Every structure is written in C-alpha cells, then in structure tokens.
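Read off the chains here:
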Amino acid sequence: MDIAFLIGEVKQEGFFNTPFYSYSLIWVVSPKLTLPPEPVSLSELAKIPIITYPRMSEPHANIRTLITKMSSSTQIHSSSSLSTIIRMALDGIGVSALPKEIIARELASGQLREFEVEANIPDLVFNMAYCAAPGANVVRAVADLSLKIVAPKPL
C-alpha cells in the first residue's frame, strides 16, 4: 500500500500519518421514529437503537463510551457500509450520527431530520497515511497535492 485515506491512523512502522479532513457528526432520525423532547438526554438516547460505524472504529467507540455511561443494554447496530447505515436510518431502525455532507439529500427531502442530543460526539477525522520509504517521491507528491486540493479545515 502506498497511500491510504482512512479514519484513524496506520500504526505500522514506515508510514507517515497526516490529518486530512474532519467532518462534524450530527444526530439524525427518520420521521418514522418518535423521539423524546429535545435535546434528547443520554439516558433517553440509550433506550433507542443506534446505527453506527464498524466495531473497533473511532466513531463506534465514541458513541459506545457516551452511551455506556447510561446503559449497557443499548442496541448498537454497526456496519462498514455508509449506504447501509443510511438505509437503516431511513427505514426507522434507529438513530445515527453522520456527517451532514453525506446525507444532504435525505435531510433536504425530509427523509431524515437532525435532532439535538445533550452531549456532543467528536468529529469524524480522516487521516492520510503514506509510505515513508526511500524513493517514495511520487507518493509524497500525491499526498501534498491531495492536501492542497482538499484544503483541510482546521482540526
């Protein structure tokens, strides 16, 4: 692997990790689900099924840490597919915390709506990892160009 764009870091010798971009997460729900009054308390949120990123991912761990304080029996559905997470939220299976940028169409159409929770969850931070091997000039050039194109917002 020469270069990767991922949540978290590559923890392998010989790789540089650089913050690439971050997305704020918003809580969303289908109109099919009725929620308690907003802002939803953590104890109330813990009673609702939550759909999130795969186990062992930072977003999953952040949500689990937030919710476990209230209840260890919360249903947390995880998936490595964003389209599956969105589909499950649209179907009213549970609530989810997603970047507004990837669900703009669903929010605009009213298929999903944002709701407030009494606690925030950390942003979804993407990193760029690339090989630090001698002669990896092309990879470093791609990494530099990627950073210029994305012009990351401050982390």
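See the structure shown above.
Let us look at the structure shown here.

Observations concerning the sheet that holds strand 1 (residues 3–7)
Across the sheet, which stays open at both edges, the three strands sit in the order 1-8-2 with antiparallel pairing between neighbours. On the outer flanks of this sheet lie strand 1 and strand 2 (15–23), each paired with one strand and no other. Adjacent strand axes in the sheet meet at a mean angle of 25°, parallel and antiparallel pairs treated alike. Across eight bridges, strand 2 lies against strand 8 (residues 124–131) in antiparallel orientation. Following the sheet pairing, asparagine 17 is matched in strand 8 by alanine 129. Most of the contacts of helix 5 (residues 137–150) go to strand 8, to which it runs at about 155°, and overall it touches strand 1, strand 2 and strand 8.

Conventions adopted
Residues numbered from 1 in each chain as written. Predicted model: local features only at pLDDT ≥ 70, side-chain atom pairs only at ≥ 80, totals over all residues. Heavy atoms only, no water. Pairing = 2+ DSSP bridges. Helix = DSSP H or I, 4+ residues; strand = E, 2+ residues; numbered from the N terminus. Axes fitted to C-alpha atoms, helices over the stretch in contact; angles between N-to-C directions. Contact = heavy atoms within 4.5 Å.

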